[in-house]
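What the coordinates show
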Amino acid sequence: MTTTLGLPGTIQACLFDLDGVVTRTAVVHAAAWKETFDAFLYARGGDDFRPFDEGHDYDEYVDGRPRADGVRTFLASRDIELPEGEPGDRPDAQTVHGLGNRKNELLLEKIRTQGVEAYDGTLRYIEAARAQGLRTAIVSSSANTRDVLRSIDAEHLFEVRIDGVVAAERNLPGKPRPDTFLAAARDLGVEPSSAAVFEDALAGMDAGRAGNFGYVVGVDRVGQTDALYAHGADVVVKDLADLADTAGRGEAGGRE
């Protein structure tokens, strides 16, 4: 049995990723990563330079992961190892944390100059969920989550925030591990089996499935429906408004 929100009737809480689900910032993240990695790879490879692919490389190695994990995972795909360095490394340091800080510097610059837009369908969906008594949390690897939510006047929509800052304070490993989502469910006082995860990243799908959550919703903004299902989605939609619309029409969605 599904609700008018397209969720199983057993769901009591909704756990939302930020970038690509609530806000249109995934493309900005991808651009900042590309600028960071391309400069690094070109300086290192010269004529053998192979640029960062904003499609495949971003989806497979970076999207949804904590910043340093994204650096490590992508560099490993190119058989490159760097010293870890320290979280406070300068953005020009040739370390894992230095590259991550360079990416964050570029990201913040792009956000300042381009602004942040929200997905209206998601905001309407969250408001409808809250109106029906469901608990809500934001779960993101970004350390800039609170500032981004405030910029779109959406901080009040979430009772719990588990982001890069909170994860570091609690020593929580990031996606694809389920720990940040599990922490959000715990803070809301619900069992994972009674919570739904909303994600656009493959690493987020893996986290939702690994945590044995009650429902995992994949949000496909870039044409990766099959991959989202392969990584554990129960249902995939283009926009969360579509999930509610499908439920309203009585249509069954999900795996075939």
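It should be emphasised that the depicted structure is a prediction, and the values quoted were computed from it without experimental measurement.

Thresholds applied
- Residues numbered from 1 in each chain as written.
- Predicted model: local features only at pLDDT ≥ 70, side-chain atom pairs only at ≥ 80, totals over all residues.
- Heavy atoms only, no water.
- Helix = DSSP H or I, 4+ residues; strand = E, 2+ residues; numbered from the N terminus.
- Rg over C-alpha atoms; globule rule 2.2 N^0.38 Å.
- Buried < 20%, exposed > 50% of the residue type's maximum accessible area, 1.4 Å probe, protein only.
- Contact = heavy atoms within 4.5 Å.
- Areas by Shrake-Rupley, 256 points an atom, 1.4 Å probe, with all protein chains shown as cover.
- Lys, Arg positive; Asp, Glu negative; His and termini not counted.
- Charge placed at Lys NZ, Arg CZ, Asp CG, Glu CD.
- Polar contact = N/O pair within 3.5 Å; in protein donor to acceptor, adjacent residues only side chain to side chain.

1. Details of the overall build of the protein chain
In terms of helices and strands, the protein chain carries 11 helices and six strands. In terms of overall dimensions, the protein chain is globule-like: its C-alpha atoms have a radius of gyration of 18 Å, near the 18 Å expected for 256 residues. Counting only C-alpha atoms and orienting by the principal axes, one finds that the protein chain spans roughly 55 × 35 × 35 Å. Counting the 256 residues in the protein chain, one finds 54% classified as buried. At a minimum sequence separation of 6, the contacts of the protein chain that also span at least 24 residues come to 60%. Split by element, the accessible area of the protein chain, about 11,800 Å² in all, is 46% carbon and sulfur. Across the protein chain, 28 positive and 44 negative side-chain charges occur, with their mean positions spaced 3 Å apart.

2. Quick notes on the side chain of Asp163
Along the chain, the position of Asp163 falls in the loop between strand S3 (160–162) and helix H7 (164–170). Note on Asp163: relative accessible area 1%, which makes it buried. In terms of polar contacts, Asp163 uses its side chain to reach the backbone amide nitrogen of Val166, at 3.0 Å. If sequence neighbours within four positions are ignored, Asp163 has contacts with Ser140, Ser142, Thr145 and Arg146.

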